Amino acid sequence: MNRIEKRLAALQEKNEKAFITYITAGLPDMERCGGLIHALEEAGLDILELGVPFSDPVADGPVIQDASYRSIQKGTTLRKTFDLVSKVRSEGAALPIVFMMYYNTIVHYGLENFVKKCAEAGVDGLIVPDLPLEEQDNLKRALGNGDETILIELVAPVSADRIPRILDGARGFVYCVSAMGVTGQSGQYHREILSYLENVKKQSSIPVMMGFGITTAEDVKPMRDIIDWSIVGSHFINLVEVCNYDPDVARAYVREFKENF
């Protein structure tokens, strides 16, 4: 098991839910981004979704699109993001870290070099929303079956017939997209969200996480008995932006979310 799987297994043993937040690498700058990662770990965040900025983030809404653009303008690259992860690891960070990124960035870096660098830096997982199941073979082959970096599978409300294939061999957790569209839709969940999540949960041997449009713990309480918890992205980006990336505000949000679920 890698860090993601160990963390989720430990939570399941204690009958606790997992909480994931998203931040964009390089904001407000690399130094303070590293400090924010440490603050989130101190607050009890279970897994960090670290966005690698990309010029055309097709799965993301306006908030993360803007954050990605601003980070690119500051000079953030995949290489610098690897350096960020290496630095926080050298400073003692043990928090599971998942890259949220787009496949063009991986291909441009080179598959073998990318996978090797993930292992060296301490990247535990990958979420690649523009890489469908049918096109994952090359990346999966490069990743192998080890415990260093794993691919996290996504499932959408229209994936019903494909769920068994998507979950076959899946590791870590399955990312359930809560709505049709992009991130940051403020609780506008799919009209059959409960039956959709129940279907995924019934077929999954790994934890089921829900993302897209979540703001507070109240948003996901109706799904509490189905999912293994949730992922907050756009709202958290807005939150830390408004408070000028104050680590105390970030800590308070994570603690409050976990306490109220």
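Criteria and thresholds
Residues numbered from 1 in each chain as written. Predicted model: local features only at pLDDT ≥ 70, side-chain atom pairs only at ≥ 80, totals over all residues. Heavy atoms only, no water. Helix = DSSP H or I, 4+ residues; strand = E, 2+ residues; numbered from the N terminus. Rg over C-alpha atoms; globule rule 2.2 N^0.38 Å. Buried < 20%, exposed > 50% of the residue type's maximum accessible area, 1.4 Å probe, protein only. Contact = heavy atoms within 4.5 Å. Areas by Shrake-Rupley, 256 points an atom, 1.4 Å probe, with all protein chains shown as cover. Lys, Arg positive; Asp, Glu negative; His and termini not counted. Charge placed at Lys NZ, Arg CZ, Asp CG, Glu CD. 1 Å grid on protein atoms, 1.4 Å probe; cavity = no way out; pocket = protein on both sides within 12 Å on 5 of 7 lines; lining within 4 Å. Points joined across faces, edges and corners; volume = space filled by probe spheres on them. Nonpolar A, V, L, I, M, F, W, Y, C, P; charged D, E, K, R; others polar. Pairing = 2+ DSSP bridges. Axes fitted to C-alpha atoms, helices over the stretch in contact; angles between N-to-C directions. pLDDT = per-residue confidence, 0-100.

The secondary structure content of the protein chain amounts to 11 helices and nine strands. Computed over the C-alpha atoms, the radius of gyration of the protein chain is 17 Å, within 12% of the 18 Å expected from 2.2 N^0.38 for a compact globule of 261 residues. Principal-axis analysis of the C-alpha atoms places the extent of the protein chain at approximately 45 × 40 × 35 Å. Taking all 261 residues of the protein chain together, the buried fraction comes to 54%. Here the analysis covers contacts within the protein chain between residues at least 6 apart in sequence; of these, 73% occur between residues at least 24 apart. As presented, the protein chain carries roughly 11,600 Å² of accessible surface, and 47% of it is formed by carbon and sulfur atoms. Measuring between centres, the 27 positive side-chain charges of the protein chain sit 3 Å from its 37 negative side-chain charges.

By the element assignment, Tyr22 lies in strand 1 (residues 18-24). With relative accessibility at 5%, the residue Tyr22 sits in the buried group. For the pair formed by Tyr22 and Val98, sequence separation is 76 residues and the distance between their alpha carbons is 9.3 Å. What Tyr22 contacts, discounting residues up to four positions off in sequence, is Glu49, Gly51, Ile64, Met100, Val232, Gly233, Phe236 and Ile237.

On to empty space enclosed by the protein. If you walk through the whole model with that rule in mind, you get two cavities of 30 Å³ or more. Taken as a whole, the largest cavity spans an internal volume of roughly 50 Å³. Partitioning the lining of the largest cavity into residue classes produces nine nonpolar, one polar and one charged. If you add up the space inside the second largest cavity, you get close to 30 Å³. Lining the second largest cavity, in full, are Met30, Glu31, Gly34, Leu84, Lys87, Val88 and Glu91. Of all the elements in the fold, those that place two or more residues in the lining of the second largest cavity are helix 2 (30-43) and helix 4 (78-90). Class assignment of the residues belonging to the lining of the second largest cavity gives a composition of three nonpolar, one polar and three charged.

With that out of the way, let us pick up the sheet that holds strand 2 (residues 47-51). The strand order across the open sheet built from nine strands is 5-4-3-2-1-9-8-7-6, with neighbouring strands paired in parallel fashion. Two strands in the sheet have a free side with no partner beyond their single neighbour: strand 5 (150-151) and strand 6 (153-155). Pairing of strand 3 (residues 97-100) with strand 4 (residues 125-127), which is carried by three bridges, proceeds in the parallel orientation. By the bridge assignment, Val98 is partnered in strand 4 with Gly125. Of the strands in this sheet, strand 6, strand 7 (174-177) and strand 8 (208-211) are in contact with helix 9 (residues 193-203), which crosses strand 7 at around 165°.

Taken as a whole, the protein chain shows an average pLDDT of 92; of its residues, 95% reach a score of 70 or greater. Overall, residues 180-187 carries pLDDT values under 50, and its contacts beyond four positions in sequence, including any with other chains, amount to 22 contacts.

Taken as a whole, the second largest pocket holds about 280 Å³ of empty space. Residue assignment for the lining of the second largest pocket shows that the elements contributing at least two residues are helix 4 and helix 5 (103-109). The biggest single contributor to the lining of the second largest pocket is helix 5, with four residues. Its residues assigned to classes, the lining of the second largest pocket comprises six nonpolar, five polar and one charged.

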